[in-house]
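Okay, here's what each chain looks like letter by letter:
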Amino acid sequence: MDRQKWIRFGRMITRERNIILQSRHGRPFLADVYYKKDGELKPVVVFSHGFKGFKDWGPFDMVAERFAGAGFVYVKFSFSHNGTTVDHPMDFVDLEAFGNDNLSIELDDLGVVLDWVFSDDFTAKADADLRSLCLIGHSRGGGISLLKAKEDARVEKVCTWGSVNEFSKFWSKEELEKIKRDGVVFVGNSRTGQMMPIKWQLYENYF
């Protein structure tokens, strides 16, 4: 784990990065915590990234800093099968894992994060008001956050950013038949130039 402190938005912010958690599906994954370490209880926010995303993508660090500066304990993490690894947290070096990701795995990963936040191992435990827990999700992470809030009574609020409202809305009958027949479809990543596999098991898991 990397721990840093610095003045941000007029407050001393503690940033604890790359904390290793263990998924229920055999893969470790990474989480970060941003907060003001002063012993005062603060609402907790847990953020889930979207499809082809990861916890350090784009503005996600700046968002975390802003929330911490505003008086929240802010947690973000990378889903265990998003294609990154604990050694390469910002690169899609494991496309086999990416192809084997599905909605149940992501719900379980978010559950692992929530269990950790409520455990004695949570690094910001002394500053976390666990009676006030909010999930924020971007894109597919928004849909995952909504589903998790439905099944987990510990969640008090949900906020979505550009969320999906239906996972299958872009899947035509013809496309599904082709993917089922071939077992896999490849989608381009415009940022990296990679062709990333999505296996039939994702659709089977959804249905």
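Residues numbered from 1 in each chain as written. Predicted model: local features only at pLDDT ≥ 70, side-chain atom pairs only at ≥ 80, totals over all residues. Heavy atoms only, no water.

**A closer look at the overall build of the protein chain**
Consideration 1: Scanning the protein chain from N- to C-terminus turns up 6 helices and 9 strands.
Consideration 2: Over its C-alpha trace the protein chain gives a radius of gyration of 17 Å, about what one expects of a compact globule, namely 17 Å for 207 residues.
Consideration 3: Here the protein chain holds 207 residues, and the buried ones make up 49% of them.
Consideration 4: Considering only intrachain contacts with a sequence separation of at least 6, the fraction spanning at least 24 residues in the protein chain is 65%.
Consideration 5: Split by element, the accessible area of the protein chain, about 10100 Å² in all, is 52% carbon and sulfur.
Consideration 6: Each charge class in the protein chain can be summarised by its mean position, and for the 29 positive and 30 negative side chains these summaries are 4 Å apart. (Helix = DSSP H or I, 4+ residues; strand = E, 2+ residues; numbered from the N terminus. Rg over C-alpha atoms; globule rule 2.2 N^0.38 Å. Buried < 20%, exposed > 50% of the residue type's maximum accessible area, 1.4 Å probe, protein only. Contact = heavy atoms within 4.5 Å. Areas by Shrake-Rupley, 256 points an atom, 1.4 Å probe, with all protein chains shown as cover. Lys, Arg positive; Asp, Glu negative; His and termini not counted. Charge placed at Lys NZ, Arg CZ, Asp CG, Glu CD.)

**Side note on the packing of aromatic side chains**
Consideration 1: Applying the stated criterion across every chain, the model contains 17 aromatic pairs.
Consideration 2: Here the aromatic rings of phenylalanine 51 and phenylalanine 98 are separated by 5.6 Å at their centres, their planes lie at 40°, and the arrangement is tilted. Residue phenylalanine 51 is found in the loop between β4 (42-48) and α1 (60-69), and its partner phenylalanine 98 is found in helix α2 (residues 95-99); the two are separated by 47 residues along the sequence.
Consideration 3: Here phenylalanine 98 falls in the buried class, since its relative accessible area comes to 7%.
Consideration 4: Through successive ring pairs, a cluster of aromatic residues spans Phe47, Trp57, Phe60, Phe67, Phe72, Tyr74 and Trp161. (Phe/Tyr/Trp six-rings, centres within 6.5 Å; stacked < 30°, edge-to-face > 60°.)

**Quick word on the nonpolar core**
Within soluble globular proteins, side chains that are nonpolar tend to cluster in buried spots.
Consideration 1: Grouped together as the largest cluster of nonpolar side chains are 38 residues, with contacts concentrated most on Val33, Val46, Val113, Trp116 and Phe122.
Consideration 2: Per element, the largest residue contribution to this core is 8 residues, and it comes from helix α3 (residues 103-117).
Consideration 3: Residues in contact with valine 33, not counting those within four places in the same chain, are Thr14, Arg15, Glu16, Ile19, Val73, Tyr74, Val75, Trp116, Phe122, Thr123 and Ala124.
Consideration 4: Ranked by size, the runner-up nonpolar core spans 11 residues in total, among them Val45, Phe47, Phe60 and Ala68. (Core = buried A, V, L, I, M, F, W, Y, C linked by side-chain atoms within 4.5 Å.)

**Overview of unusual backbone geometry**
Consideration 1: In this model, asparagine 18 sits at a positive phi of 60°, which is unusual for a non-glycine residue.
Consideration 2: Inspection of the secondary structure assignment puts asparagine 18 in strand β2 (residues 11-22).
Consideration 3: Given a relative accessible area of 18%, asparagine 18 falls into the buried group.
Consideration 4: Unusually for a residue other than glycine, serine 139 sits at a positive phi of about 60°.
Consideration 5: Assignment of secondary structure puts serine 139 in the loop between β6 (128-138) and α4 (140-151).

**Things to note about the pattern of salt bridges**
Consideration 1: Under the counting rule described, the total for this entry stands at 23 salt bridges.
Consideration 2: We note a salt bridge from aspartate 101 to arginine 140, for which the minimum N-O separation is 3.3 Å. In this pair, aspartate 101 sits in the loop between α2 and α3 while arginine 140 sits in helix α4, placing the two residues 39 residues apart along the sequence. Both residues of the pair, aspartate 101 and arginine 140, count as buried.
Consideration 3: Between glutamate 106 and arginine 140 there is a salt bridge, with the nearest N and O atoms lying 2.8 Å from each other. Of this pair, glutamate 106 sits in helix α3 while arginine 140 is found in helix α4, placing the two residues 34 residues apart along the sequence. (Salt bridge = Lys/Arg side-chain N within 4 Å of Asp/Glu carboxyl O.)

**Considerations on the pairing of β4**
Consideration 1: Within β4, 6 of the 7 residues are buried, which leaves the element mostly enclosed by the surrounding structure.
Consideration 2: Where β4 lies against β6, 7 bridges are found, and the strand directions are parallel. Paired with lysine 42 across the strands is alanine 128, a residue of β6.
Consideration 3: Here 5 bridges tie β4 to strand β5 (residues 73-77), and the two strands are oriented parallel to one another. The residue of β5 that forms the bridge with valine 46 is valine 75. (Pairing = 2+ DSSP bridges.)

**Details of α4**
Note on helix geometry: an α-helix contains 3.6 residues per turn, so any two residues three or four positions apart are oriented the same way.
Consideration 1: The end-to-end C-alpha distance of α4 is 17 Å, a good match for the 16 Å that 12 residues give at a rise of 1.5 Å each.
Consideration 2: Among the residues making up α4, those that are buried are Arg140, Gly141, Gly142, Gly143, Ile144, Ser145 and Lys148.
Consideration 3: Here the buried face of α4 lies against β4, α3, β6, β7 (157-161) and α6 (200-206). (Expected span 1.5 Å × (residues − 1).)

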